Amino acid sequence: MQMMSRPSNGLLLLSLISHVSAFYLPGVSPRNYIYGEDVTLKVNKLDSVRTQLPYEYYSLPFCSPDKINPSAENLGEILSGDKIENSLYKISMKLIESCKILCRKTYGKHELQQFEAKIRDEYHVNWIIDNLPAATKYYTEEIGEDGSEGTYESHYLKGFPLGYVATEEDPEPDSEAGAAYIHNHARLVLFYHEDVHSFNGYRIVAFEVEAYSVKHQVDGNWNGAQTKLHTCTPLNPVRRSQPPQPVSGTDSEEIIWSYDVQWESSPIKWASRWDVYFKMTDSKVHWFSIINSIAVVLFLSAMVAMIVTRTLHRDLLRYNSPEEREEAQEETGWKLIHGDVFRPPAFAHGLCVLVGTGYQLIGMSIVTLFFAVLGFLSPANRGGLMTSMLLLFVLMGIFAGFASTFLGKIFGLEDWRKTSFVTSVCFPGIAFGVFFILNAMVWGEASSGAVPFGTLVALLVLWFGMNVPLVYIGAYISSKRPALELPMKVKVHPREIPEQVWYAQAPFLALLGGILPFAACFIEIFFIMSSVWMHQFYYMFGFLFIVFIILTITCAEISIVATYFQLCYEDYHWWWRSFCTSGFSAIYLFLYSIMYYYTKMRIDHFVSSALYFGYMALISLGFFVLTGTIGFSATFFFVHKIYSSVKVD
């Protein structure tokens, strides 16, 4: 995807990364069609960014086949509310159809109100042909660098609107302001690629839909699918003379559903057919913001590392110098608390559980990103990303059990079974509880997003049948290993902590420390949230992998710096503080989600708002555990290292 006409070397490198993330590995093989072969059109859910509640396509009284056959779906598709079914549309390879009638139906007041309600909630229709989702093309103006009028660039929106509500400025003829009109005519534009030197037949590489609202008039007598419609052709995409088809303000309405099929040759190869879906309206802003964030975070990280290294090196020389050892003992500093620095913290069990869960999330994130960058989790594999994340989280339970027990042995906790049990049920239990409550609310709305009972049972089997045993296995392995030897012995009586200045207090340092990790990734967070809540495609896994590395470095360094200065103030309660310093970036994530809700979302339904804030709170909790574990682990290694380097009489 060409982002700029004259890219620099840095942009060329980033472009290579983005192409790697969109690369297809073998797994979805292309299908070659011959001339006149049937092309199947399947219908998927109706969705809306305004309600976030998907519905089955045939929950509205569309033209339906005599027998509706649902397609097999994976776990990720079920959790995302996908419901793929067959349809009445008849399409043949390279055969052009014009004004083909699908069906004629007379609707009563209740059915018209169903259409009107979904139109006012801005629902979109989703169709699938050859595993490609239907898309609506739209254009944005690219302003020149000198501020002059630029060119228009095409972009794609997933699905197409069910209808529209007329406004005072609406150019449609015979439309009434405030009335709802349904798109009952669809022009299907299918693009195919042909290469006689590489394969036989034709491959579908793009699927566009142009939706129209037309109050059809029959030319002569009704003769089923052979009836002639003189109001259908030609259709001007900009302005038409035919009146639109209303669904409001009437108790009964006859609607004729029709469609066109157009075929166009395309130079796009099958492996690159998803590229057009990945075009972003703010592409330049995205690229330059990512580059800027990387540069700023790396610069700050280098400064922090330099300051800590030079200061710590001077301290070690002073403490280990025979001439200055007696003088150093009279000074204040981090060495004076060597007998308390490894004293177990309060609520040690809770910290072990959080750290174990954090390693489970870290392992899931790393493996998921690895396969996503290689292209295994492309959008062509519908539901694959969510399915992979769930399975990987379960499989990483062995690391959760190992880490929680390993830390518990350092704290002197003897009951490793209790620690491993709480680790296996705490975070998954919270996640399942929130999911179950929200799912019940979605079920009350009769949405296809409600997970059926069988899938809930499958999730419980994954939890108790796989995750819990794997956590116990990891804990058992860790319990058989010797505990890590600490460089300092803990004194019997705890040392009194001097009164701390206000800027050295735990809440201030945690809130201040959480800013930098959040700043390292908030641009990617914006695009991920747009993908999740605005139903856009996200594929920049190469960028996301780089941002994850930067986030890891930032969390580690900010926690180390905060802990070092805390120890210099003779405060040895660093265990929880090192976790919260980087983990509090989750607070800024949740605050940002609130701002996103009021600035980007247009939700006005209680259930939809509950879904948004419920899932964002759950995501923020996971982000807190993940970033906190990174900061804690780096700080523990740092503290263990510096106290191993000093000599204590």
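Residues numbered from 1 in each chain as written. Predicted model: local features only at pLDDT ≥ 70, side-chain atom pairs only at ≥ 80, totals over all residues. Heavy atoms only, no water.

**Concerning the overall build of the chain**
Thought 1: Within the chain one finds 16 helices and 16 strands.
Thought 2: Taken across its 649 residues, the chain has 52% of its residues classed as buried.
Thought 3: Of the contacts formed within the chain by residues at least 6 apart in sequence, a portion of 79% connects residues at least 24 apart.
Thought 4: Total accessible area on the chain is roughly 30900 Å²; 61% of this is exposed by carbon and sulfur atoms. (Helix = DSSP H or I, 4+ residues; strand = E, 2+ residues; numbered from the N terminus. Buried < 20%, exposed > 50% of the residue type's maximum accessible area, 1.4 Å probe, protein only. Contact = heavy atoms within 4.5 Å. Areas by Shrake-Rupley, 256 points an atom, 1.4 Å probe, with all protein chains shown as cover.)

**Some thoughts on helix 8 (residues 397–411)**
Thought 1: For helix 8, built from 15 residues, the straight-helix expectation of 21 Å at 1.5 Å per residue is met to within 8% by its first-to-last C-alpha distance of 21 Å.
Thought 2: Regarding helix 8, the residues found buried are Gly 397, Ala 400, Gly 401, Ala 403, Ser 404, Thr 405, Leu 407, Gly 408, Ile 410 and Phe 411.
Thought 3: The inward-facing, buried residues of helix 8 abut helix 6 (348–374), helix 7 (384–395), helix 9 (416–444), helix 10 (453–479), helix 14 (575–583) and helix 16 (606–644).
Thought 4: Trailing helix 8 by a residue or two, Gly 412 shows a phi angle of about 85°, which is positive. (Expected span 1.5 Å × (residues − 1).)

**Quick notes on the state of the cysteines**
Thought 1: Tallied over the entire structure, the rule returns one disulfide.
Thought 2: Shown here is the disulfide that connects Cys 63 with Cys 103, its sulfur atoms set 1.6 Å apart. Taking the sign of the torsion about the S-S bond as the criterion, the disulfide between Cys 63 and Cys 103, at about -60°, is left-handed. A residue pair is termed long-range when its members are at least 10 positions apart, and Cys 63 in the loop between strand 2 (41–47) and helix 2 (75–79) and Cys 103 in strand 4 (residues 97–107) qualify at 40 residues. By the burial criterion, Cys 63 is buried, and Cys 103 matches it.
Thought 3: Cysteine Cys 555 remains unbridged, with the sulfur of Cys 521 as its closest cysteine sulfur at 7.8 Å. (Disulfide = S-S within 2.5 Å.)

**Notes on the pairing of strand 5 (residues 124–129)**
In regular strands, side chains alternate between the two faces of the sheet.
Thought 1: The element strand 5 is largely enclosed, with a buried count of six among its six residues.
Thought 2: Here strand 5 shows no split at all, with His 124, Asn 126 and Ile 128 on one side and Val 125, Trp 127 and Ile 129 on the other all buried.
Thought 3: Pairing analysis gives five bridges linking strand 2 to strand 5, with the strands arranged antiparallel. Within strand 5, the residue paired with Lys 42 across the bridge is Ile 128. (Pairing = 2+ DSSP bridges.)

**Thoughts on the environment of Phe 537**
Thought 1: Structurally, Phe 537 is set in the loop between helix 12 (515–533) and helix 13 (541–568).
Thought 2: As a C-alpha pair, Phe 537 and Lys 158 span 379 residues in sequence and 8.4 Å in three-dimensional space.
Thought 3: What Phe 537 contacts, discounting residues up to four positions off in sequence, is Pro 133, Lys 158, Trp 274, Tyr 277, Phe 278, Pro 379 and Ser 531.

**As for the pairing of strand 16 (residues 253–265)**
Thought 1: For strand 4 and strand 16, the ladder comprises eight bridges, and the chain directions are antiparallel. If you follow Lys 105 over to strand 16, its bridge partner there is Ile 255.

**Quick word on unusual backbone geometry**
Glycine aside, the phi torsion of most residues is negative, and most peptide linkages are trans.
Thought 1: Backbone geometry at Asn 131 places phi at a positive 70°, although glycine is not the residue there.
Thought 2: With respect to the helices and strands, the residue Asn 131 is situated in the loop between strand 5 and strand 6 (132–133).
Thought 3: The backbone phi angle of Ala 446 is positive, close to 55°, even though this residue is not glycine.

**A closer look at the packing of helix 9 against helix 10**
Thought 1: Contact geometry for helix 9 and helix 10: axes closest at 9 Å, N-to-C directions at 160°. Here helix 9 is positioned roughly antiparallel relative to helix 10, judged by the angle of their axes. Once helix 9 is placed against helix 10, the crossing between them reads as right-handed.
Thought 2: Classifying every residue of the contact of helix 9 with helix 10 gives 16 nonpolar, seven polar and one charged. (Axes fitted to C-alpha atoms, helices over the stretch in contact; angles between N-to-C directions. Parallel < 35°, antiparallel > 145°, perpendicular 65-115°, else oblique. Left-handed = near helix turned anticlockwise from the far one by under 90°. Nonpolar A, V, L, I, M, F, W, Y, C, P; charged D, E, K, R; others polar.)

**Quick word on the confidence of the model for the chain**
Thought 1: Summary statistics for the chain give a mean pLDDT of 84 and a share of 84% for residues scoring 70 or more.
Thought 2: A low-confidence stretch, residues 1–27 stays under pLDDT 50, and its non-local contacts, those more than four residues away or across chains, total 43 contacts. (pLDDT = per-residue confidence, 0-100.)

**Regarding the nonpolar core**
Thought 1: Grouped together as the largest cluster of nonpolar side chains are 133 residues, with contacts concentrated most on Trp 127, Phe 207, Trp 257 and Tyr 643.
Thought 2: Considering each element in turn, this core owes the most residues, 17 residues, to helix 16.
Thought 3: Excluding anything up to four places from it in sequence, Trp 257 contacts Phe 62, Cys 63, Lys 100, Ile 101, Leu 102, Cys 103, Tyr 107, Phe 115, Ile 182, His 183 and Asn 184.
Thought 4: Leu 79, Val 394, Phe 432 and Leu 459 belong to the second largest nonpolar core, which has eleven residues in total. (Core = buried A, V, L, I, M, F, W, Y, C linked by side-chain atoms within 4.5 Å.)

**A short note on a nonpolar patch on the surface**
Thought 1: Together, Val 501, Trp 502, Tyr 503, Phe 508, Leu 512, Ile 515, Phe 565 and Tyr 569 line one region of the surface with nonpolar side chains, adding up to about 770 Å² of accessible area.
Thought 2: Structurally, Tyr 503 can be placed in the loop between helix 10 and helix 11 (506–513). (Patch = residues over 30% accessible without salt bridge, like charges linked within 9 Å, V, L, I, M, F, W, Y side chains within 5 Å. Salt bridge = Lys/Arg side-chain N within 4 Å of Asp/Glu carboxyl O.)

**With respect to the pattern of salt bridges**
Thought 1: Going through the model one piece at a time under the given rule, you end up with 15 salt bridges.
Thought 2: As a salt-bridge pair, Asp 82 and Lys 45 come within 3.2 Å of each other at their nearest N and O atoms. Taken together, the residues span a long stretch of sequence, with Asp 82 in the loop between helix 2 and strand 3 (91–92) and Lys 45 in strand 2 at a distance of 37 residues.
Thought 3: In this structure Asp 82 comes out as buried when scored by relative accessible area, which is 9%.

**Notes on the packing of aromatic side chains**
Thought 1: Inspection of every chain in the model, using the stated rule, returns 45 aromatic pairs.
Thought 2: Ring geometry for Tyr 564 against Phe 638: centres 6.4 Å apart, planes inclined by 80°, an arrangement best described as edge-to-face. Taken as a pair, Tyr 564 in helix 13 and Phe 638 in helix 16 lie far apart in primary sequence, 74 residues in all.
Thought 3: The interplanar angle of 70° and the centroid separation of 5.3 Å between the aromatic rings of Phe 579 and Phe 624 together place this pair among those described as edge-to-face. Here Phe 579 is found in helix 14, whereas its partner Phe 624 is found in helix 16, with 45 residues between them in sequence. Summarising the burial analysis for this pair, Phe 579 and Phe 624 share the class buried.
Thought 4: Joined through ring pairs, the aromatic side chains of Phe 518, Phe 522, Phe 526, Phe 527, Tyr 588, Tyr 592 and Tyr 596 make up one cluster.
Thought 5: In this structure, Lys 118 is placed above the aromatic ring of Tyr 123, and the distance from its NZ or CZ to the ring centre is 5.7 Å.
Thought 6: Taking the ring centre of Phe 199 as reference, the NZ or CZ of Arg 203 above it sits at 3.8 Å. (Phe/Tyr/Trp six-rings, centres within 6.5 Å; stacked < 30°, edge-to-face > 60°. Lys NZ or Arg CZ within 6 Å of the ring centre and 35° of its normal.)

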